[in-house]
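Examination of the molecular architecture
In case you want the letters, here they are:
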Amino acid sequence: MKATGIVRRIDELGRIVIPKEIRRVLHIRESDPIEIFTDREGHVILKKYSPLGELTEFAGKYAETLASVSGHMTLIADRDTFIAAAGGAKVYQGKAISKKMEEKLNARETIIASKGDRNFIAISEEVSDEIKHQAIVPILSEGDMIGAVVLLSKENKAKMADVELKLIQAASSFLGRQIEH
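Note that this is a predicted model, so its numbers are computed, not measured.

**Notes on the side chain of K104**
Secondary-structure assignment places K104 in helix α3 (residues 99-106). Accessibility expressed as a relative area gives 17% for K104, which makes it buried.

What follows is the structure, given as structure tokens:
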């Protein structure tokens, strides 16, 4: 059999190093959880694990409810990708979060901003929407940042306020606790 890709040896403790090039492409960072399983042909498969990914269907329904209640576009993201979108935000579904959003989430920052504000950020480099207002709250589970709940508005008059912030803080807390159970 001809080897393809990068070959690594298993050390005496059964460990294997995932090459830097692969970690970079798959956005795998130190301490990221990796799921390990086998298929029927005996292949060992490594997959980046997303705790929120386990709740994708639930997250979709939850995003629809938040969009309905708030009247805003609603997104739920894991650490890398928007896993749920509702209220006219479907263009974001499956898209990567921006580096700036990743930085803010890793710093556990909550953002409530309007376009032109110093703290307003692009949430995805893959989508160019005319977003005017945003509210972003990280989802924490057992002290780890695992994602975010996001409300967006394209309308000038639909500025985010304390009500929207409290709504997505509650959503974030609820989703974080779902992962813990």
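Further notes follow.
**Brief notes about the sheet that holds strand β5 (residues 111-114)**
One open sheet holds the five strands; their spatial order is β4-β3-β7-β6-β5, and the pairing between them is antiparallel. The sheet is open, and its two edges are formed by β4 (82-86) and β5, each paired on a single side. Between one strand and the next, the sheet's axes are offset by a mean angle of 15°, whatever the strand orientation. With respect to the sheet, helix α2 (residues 56-70) is in contact with β3 (73-77), β4 and β7 (144-153), its orientation differing from that of β4 by roughly 35°. Contacting β3, β5, β6 (133-141) and β7, helix α4 (residues 162-180) runs over the sheet at an angle of about 25° to β6.

**Some words on the packing of α2 against α4**
Geometry of a packed helix pair, given as the angle between the helix axes and the separation of the axes. Packing of α2 against α4 brings their axes to within 12 Å, and their N-to-C directions diverge by 165°. It follows that α2 is roughly antiparallel to α4 by the angle criterion. Relative to α4, α2 is oriented so that their crossing is right-handed. The residues of α4 that touch α2, namely those facing F58, Y62, L66, V69 and S70, are L167, A170, A171, F174, L175 and Q178.

About the criteria used
- Residues numbered from 1 in each chain as written.
- Predicted model: local features only at pLDDT ≥ 70, side-chain atom pairs only at ≥ 80, totals over all residues.
- Heavy atoms only, no water.
- Helix = DSSP H or I, 4+ residues; strand = E, 2+ residues; numbered from the N terminus.
- Buried < 20%, exposed > 50% of the residue type's maximum accessible area, 1.4 Å probe, protein only.
- Pairing = 2+ DSSP bridges.
- Axes fitted to C-alpha atoms, helices over the stretch in contact; angles between N-to-C directions.
- Contact = heavy atoms within 4.5 Å.
- Parallel < 35°, antiparallel > 145°, perpendicular 65-115°, else oblique.
- Left-handed = near helix turned anticlockwise from the far one by under 90°.

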